[in-house]
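Structural overview
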Amino acid sequence: MRTAAVKITRKGQVTIPKEIRDRLQSRAVYFEIVNDTVVVKAVKDAAGSLSEYAKNVKPGTSMKKIKEMAWEEAIREKTRKKSA
């Protein structure tokens, strides 16, 4: 499969076709706009970011929140490396 058309829901969500998800081998992606093209790229690993957050979070912060923060940081790092 080279292309796939999917519907965008009212909430702005799309379902990534299984073949593409399998190829990305990731449960998180980030979007990049290159000229007039939207590119979807896999976030390969947030483990390094997660370990940093585990050391520096406020007591009582949920693991879910720590993971969200780590994924956001991993995406920011990927984006910064690409633009540098």
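Residues numbered from 1 in each chain as written. Predicted model: local features only at pLDDT ≥ 70, side-chain atom pairs only at ≥ 80, totals over all residues. Heavy atoms only, no water.

**Thoughts on the environment of Ala4**
Put simply, the rule reads: Runs of E in the DSSP output that reach at least two residues are strands. Runs of H or I that reach at least four are helices, and both are numbered from the N terminus. Throughout, a contact is declared for two residues whenever any of their heavy atoms are within 4.5 Å.
Position of Ala4 among the secondary structure elements: in the segment before helix H1 (18-24). Once the C-alpha coordinates of Ala4 and Ile20 are considered, the two residues, 16 residues apart in sequence, prove to be 9.0 Å apart. Not counting the four nearest positions on each side in its chain, Ala4 is found in contact with Pro17 and Ile20.

**Quick word on unusual backbone geometry**
Within the chain, Gln25 stands out as a residue other than glycine whose phi angle is a positive 50°. For Gln25, the location among the structural elements is in the loop between H1 and strand S1 (29-34).

**So, the pairing of S1**
Residues in a regular strand point their side chains to alternate faces of the sheet. For the record, the criterion: Paired strands, as defined in this entry, are two strands with at least two bridges between them according to DSSP.
Note that S1 and strand S2 (residues 37-42) share six bridges and pair antiparallel. Residue pairing across strands places Tyr30 opposite Lys41, the latter belonging to S2. Where S1 folds back on S2, the antiparallel hairpin that results is connected by two residues, among which Asn35 adopts a positive phi of roughly 55°.

**Topic: the pattern of salt bridges**
Cut-off, in case you're wondering: Just to be clear on terms, a salt bridge is a Lys or Arg side-chain nitrogen sitting within 4 Å of an Asp or Glu carboxyl oxygen. Burial classification: accessible surface area is computed with a 1.4 Å probe over protein chains only, and a residue below 20% of its type maximum counts as buried, one above 50% as exposed, and the rest as partly exposed.
In total, this model carries two salt bridges according to the counting rule given. For the salt bridge of Lys18 with Asp22, the shortest nitrogen-to-oxygen distance reads 2.7 Å. Taken as a pair, Lys18 and Asp22 lie in helix H1 at a separation of four residues, close to a single helical turn. A salt bridge links Lys41 to Glu32, with the shortest nitrogen-to-oxygen separation between them at 3.8 Å. Judged by relative accessible area, which is 22%, Lys41 ranks as partly exposed.

**Section: the confidence of the model for the protein chain**
Any region with low pLDDT has predicted coordinates that should not be read closely. Threshold: Each residue carries a pLDDT score, the predictor's own confidence in it, on a scale running from 0 to 100.
Mean pLDDT over the protein chain: 77, with 76% of residues reaching 70 or higher. Put simply, helix H2 (residues 47-56) is where the protein chain has its lowest mean pLDDT, 58, and H1 is where it has its highest, 89.

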